[in-house]
Amino acid sequence: MNQEIKPVSNPFESKINSIQVLRAAAALTVTIYHLKDVIGKGEPFKQELDFFFNSGPSGVALFFVISGFIMVYITKQTTFSLLSVYKFMARRFIRIWPTYAIITLLYFLFQMKVGLQPGAVKSVILSLLFIPVTHTDPPFYGYAFLPVGWTLNYEIYFYALVAISMFFSRFRWYVFFVIVIITLVILPLTLGYITLETQRTADYGNGYLNMIANPIIWNFVYGVIIGLIYTNEKLFPILASAFARVWLVFLFISLALWQYWSGFFGGLGPSQWGFGSSLLFTAFIFYNARRPINFPDWLVKIGDMSFSVYLVHMPIVVILGQFFKSLGYPVYSTGTSMFFLALFLTMVASYLSYQYLELKLSSYLKQFLPFMKKR
């Protein structure tokens, strides 16, 4: 992740920080969307939060676009070898699974005390294996035991596609697009049903098959396309020069925000929030390539720990609510003050998770993987 991009004086810092800010925005929109449900109708900030964050799930589409871009960027200089493919998947696994597994299991232990729903153990096992719980209810397919975990099923599948493509070295993205066309175009057409709406897909009777054919994956493809343009020596200067025009950046961002707030074509599909997220990401990343922005440290930090924010916010609000009820004060388990308490504790828990699970634990576990040097 250290190749030189000439138009930027410090490309490594500016690029990473800009993406981290977008990750922070994605994590916060999803988090506030979920947490605001504790505020009742007519209570302070209810209307405002509903207006600004009713499209909060769009953060998932933005996360997927970012992932697509990052995978192009970090594999740009990679050449084919079994070892390089192994290291790629090992880093992805060690970065995601331990943190996800620990938070899921802690949430499971909490639910055991409260009372588990039927099928909870099966749900935990499938979730930790990144397998959809059911073959119905697209694109979630039954959610995961830790509800937001359904998106990680797609993330891991996307990483697997990238790993397979890496076997073909400089032709890897050609192979990637061939696989995408087979699973997202040819397969649905062969079975007689193709759509860009993620919740109206055909049911092939198998959760994983349904998942890999779901059009939500086009959001990753958007990110890959943006990444290929960004890392192309001929195309990069053209886009960077175009987005040096403030009016064009303003236009793209305005359209993305208008879609977000208006609800126009709302949804996780590529013609819905996926398209708006791509507009936002494109404008942001290419503008920042020419004019590096000095982002606030706290915003970059939230982006750094966005994965933990994404994972812990729902357990925090559920555990808090149950805590107040167990004390005999259920009135404090809802309301505006509960919203802010849950949000603040989410930030604290996310920081601890980031420091001790994402960084320290992952670094410690990495030494046990063959051929992996500790960073």
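This one's a predicted model, so the numbers in the text were calculated from it and none came from an experiment. (Residues numbered from 1 in each chain as written. Predicted model: local features only at pLDDT ≥ 70, side-chain atom pairs only at ≥ 80, totals over all residues. Heavy atoms only, no water.)

J.: Lay out the overall build of the chain in plain terms, naming residues and giving numbers.
T.: On a plain count of helices and strands, the chain comes out with 15 helices and 0 strands. Over its C-alpha atoms the chain spans a radius of gyration of 21 Å, differing by no more than 12% from the 21 Å that the globule rule assigns to 375 residues. When the backbone C-alpha atoms are referred to their principal axes, the chain occupies close to 65 × 50 × 45 Å. Buried residues in the chain amount to 52% of all 375 residues. For the chain, restricting intrachain contacts to residue pairs at least 6 apart in sequence, the fraction spanning at least 24 positions comes to 75%. (Helix = DSSP H or I, 4+ residues; strand = E, 2+ residues; numbered from the N terminus. Rg over C-alpha atoms; globule rule 2.2 N^0.38 Å. Buried < 20%, exposed > 50% of the residue type's maximum accessible area, 1.4 Å probe, protein only. Contact = heavy atoms within 4.5 Å.)

J.: For the packing of helix 4 (residues 82–114) against helix 14 (residues 306–326), give the residues involved together with the corresponding values.
T.: Packing of helix 4 against helix 14 leaves a shortest axis separation of 11 Å and a crossing angle of 10°. Classified by the interaxial angle, the pair formed by helix 4 and helix 14 is roughly parallel. Taken together, the residues of helix 14 that come into contact with helix 4 (itself represented by R95, I96, T99, Y100, I103, Y107, F110, Q111 and V114) are F307, S308, L311, V312, P315, V318, I319 and Q322. In the contact of helix 4 with helix 14, the residues fall into 12 nonpolar, 4 polar and 1 charged. (Axes fitted to C-alpha atoms, helices over the stretch in contact; angles between N-to-C directions. Parallel < 35°, antiparallel > 145°, perpendicular 65-115°, else oblique. Nonpolar A, V, L, I, M, F, W, Y, C, P; charged D, E, K, R; others polar.)

J.: Go over the confidence of the model for the chain with me, naming the residues and quoting the values.
T.: Note that predicted coordinates carrying low pLDDT should not be read in detail. With 95% of its residues at a pLDDT of at least 70, the chain reaches an overall mean of 92. A low-confidence stretch, residues 1–15 (pLDDT under 50), is modelled with 25 contacts involving residues beyond four sequence positions or located in other chains. (pLDDT = per-residue confidence, 0-100.)

J.: Could you give me a rundown of the packing of helix 11 (residues 246–262) against helix 12 (residues 273–290), with the residues and numbers involved?
T.: Running from N to C, helix 11 and helix 12 cross one another at 155°; their axes reach a closest spacing of 9 Å. Here helix 11 is positioned roughly antiparallel relative to helix 12, judged by the angle of their axes. Note that helix 11 runs across helix 12; the crossing there is left-handed. Where helix 11 approaches helix 12, its residues V246, V249, F252, I253, L255, A256 and Q259 are matched on the opposing element by W273, G276, L279, L280, A283 and Y287. Residue classes in the contact of helix 11 with helix 12 are distributed as 11 nonpolar, 2 polar and no charged. (Left-handed = near helix turned anticlockwise from the far one by under 90°.)

J.: Explain the packing of aromatic side chains residue by residue, including any values.
T.: Applying the stated criterion across every chain yields a total of 40 aromatic pairs. Taken together, a centroid distance of 5.9 Å and an interplanar angle of 90° make the contact between W150 and Y154 edge-to-face. Residue W150 and its partner Y154 are located together in helix 6 (residues 150–166), separated by 4 residues, close to a single helical turn. The same class applies to W150 and to Y154, which are both buried. A ring pair is formed by W173 and F176, whose centres lie 5.3 Å apart and whose planes are at 75°; its orientation type is edge-to-face. Remark: F176 and W173 occur in helix 7 (residues 172–190); sequence separation between them is 3 residues, near one turn of the helix. Across this residue pair, the class does not change: W173 and F176 are buried. What links up through ring pairs into an aromatic cluster is the set F64, F140, Y143, W150, Y154, F158, Y159, W173, F176, F177 and F220. (Phe/Tyr/Trp six-rings, centres within 6.5 Å; stacked < 30°, edge-to-face > 60°.)

J.: I'd like to hear about the nonpolar core, residue by residue, with values.
T.: One finds F69, Y154, F281 and L311 to be the most contacted residues of the largest nonpolar core, which totals 111 residues. Here the element with the most residues in this core is helix 3 (residues 58–74); it accounts for 12 residues. The residues touching Y154, leaving out its near neighbours within four places in the chain, are F64, P139, Y141, M211, N214, I216, I217 and F220. (Core = buried A, V, L, I, M, F, W, Y, C linked by side-chain atoms within 4.5 Å.)

J.: Any details on the side chain of S278? Residues and values, ideally.
T.: Checked against the element boundaries, S278 lands in helix 12. Polar side-chain contacts of S278 include one of 2.9 Å to the backbone oxygen of G274. Contacts of S278, omitting those with residues within four sequence positions, involve V65, Y222 and I226. (Polar contact = N/O pair within 3.5 Å; in protein donor to acceptor, adjacent residues only side chain to side chain.)

J.: Explain the pattern of salt bridges to me, using residue names and the numbers behind them.
T.: As enumerated under the stated definition, the model contains 4 salt bridges in all. A salt bridge links D50 to K36, with the shortest nitrogen-to-oxygen separation between them at 2.8 Å. Here K36 lies in the loop between helix 1 (11–35) and helix 2 (46–53) and D50 lies in helix 2, a separation of 14 residues in the sequence. The shortest N-O distance in the salt bridge between R200 and E197 comes to 3.4 Å. (Salt bridge = Lys/Arg side-chain N within 4 Å of Asp/Glu carboxyl O.)

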